[in-house]
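Working through the structure, step by step
Here is how the chains run, residue by residue.
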Amino acid sequence: MIFIKEIARNILDWYQGKWNQGLNRYPWRIGKKNPYQILIAELLLQHTTAKAVSDNNSYQIFLEKFPDIFFLNRAKIQDLIKILNPLGLYNQKSERIKKLTKYILEKCEGQIPKDKNDLLKVPGIGDYIANAILTFTYDQNEVPLDNNLKRIALNVWNIKTKENLIHFYKKLAEPNPKIIYWALFDIGRFHCRKPVPICKGCPMIQYCGFFKLKGS
DNA sequence: CTCCAGCTGC
DNA sequence: GCAGCTGGAG
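Residues numbered from 1 in each chain as written. Chains lettered and ligands numbered in written order. Predicted model: local features only at pLDDT ≥ 70, side-chain atom pairs only at ≥ 80, totals over all residues. Heavy atoms only, no water.

Our next topic: the nonpolar core. Counting 72 residues, the largest nonpolar core has Phe62, Trp157, Tyr169, Leu172, Leu184 and Met204 as its most contacted members. Inspection of this core shows a minimum of three residues originating in each of domain 1 (4-24 + 142-214) and domain 2 (32-138). Not counting residues within four places of it along the chain, the set of residues in contact with Leu172 comprises Ile4, Ile7, Ala8, Ile11, Trp157, Ile180 and Leu184. (Core = buried A, V, L, I, M, F, W, Y, C linked by side-chain atoms within 4.5 Å. Buried < 20%, exposed > 50% of the residue type's maximum accessible area, 1.4 Å probe, protein only. Domains from an automatic or database assignment. Contact = heavy atoms within 4.5 Å.)

Below, the structure written as structure tokens:
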């Protein structure tokens, strides 16, 4: 993988191009976000398209009503369901938010943990959201390994095991973890999608095993 | 591994 | 109808 820096550059250029066209300017990507704001974004986005969260302004409305964990603690379950309704999964999401808020207030003095192991103890926060908070809030390089990243790595480089995925993505994301991972989510949706990838315009096309075999 | 659980595009 | 959507818990 001696071309890894080149691939990273292509990905960053691709992302910038989309950004200039206004195609990936999601509200949770604009400006500097604190851990609470990233946590809420990830909870809303679970099993939900970025388009849905973005189009309904759910994220902005949620943060206006509940700008921090203390406001959120006073929220009624019905208020949460009302905002989350357009996204689907609102019962599960609102219950999860209530439990997680209670835990953070009672066990963490209202502060979202900065340590990976402490994040994982919070109910509702798993490996993905813990890494997303560390990477998207603090500019660390903890791989937010979701189905997009798994599918891309399998198609492009035939990387399968979790250890290999983590090792590879840490290297790839090195120049700018936050932007690279956001870009990969978008590439997973625009190009490296199921059931058939749309390779035209993909920034990784010249390095891609799938494209060499049967890409179009 | 299975279940969760609603909306969307196909 | 059905699979997929920036997963987590048991």
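Moving on from the coordinates now.
A few words now on the protein's contact with DNA strand B. With respect to spatial proximity, the complete set of residues near DNA strand B consists of His47, Pro86, Gly88, Leu89, Tyr90, Asn91 and Gln92. When atoms of DNA strand B within 4 Å of the protein are split into backbone and base, the sugar-phosphate part holds 73%. A distance of 2.8 Å is found between a sugar or linking oxygen of DNA strand B and a backbone nitrogen or oxygen belonging to Leu89. A distance of 3.4 Å separates a phosphate oxygen of DNA strand B from a polar side-chain atom of Asn91. (Near = heavy atom within 4 Å. Polar contact = N/O pair within 3.5 Å; in protein donor to acceptor, adjacent residues only side chain to side chain.)

In this section: the pattern of salt bridges. If you walk through the whole model with that rule in mind, you get 11 salt bridges. Two residues, Asp127 and Lys162, come together in a salt bridge whose shortest N-O distance is 3.8 Å. One end of the pair, Asp127, is in helix α9 (residues 127-138); the other, Lys162, is in helix α11 (residues 162-173), and 35 residues separate them in sequence. Exposure remark for Asp127: the relative accessible area of 32% places this residue in the partly exposed category. Residues Lys178 and Asp139 are paired through a salt bridge, measuring 3.5 Å at the closest nitrogen-oxygen approach. Placement of the pair is Lys178 in helix α12 (residues 177-190) and Asp139 in the loop between α9 and α10 (147-157), with a sequence separation of 39 residues. (Salt bridge = Lys/Arg side-chain N within 4 Å of Asp/Glu carboxyl O. Helix = DSSP H or I, 4+ residues; strand = E, 2+ residues; numbered from the N terminus.)

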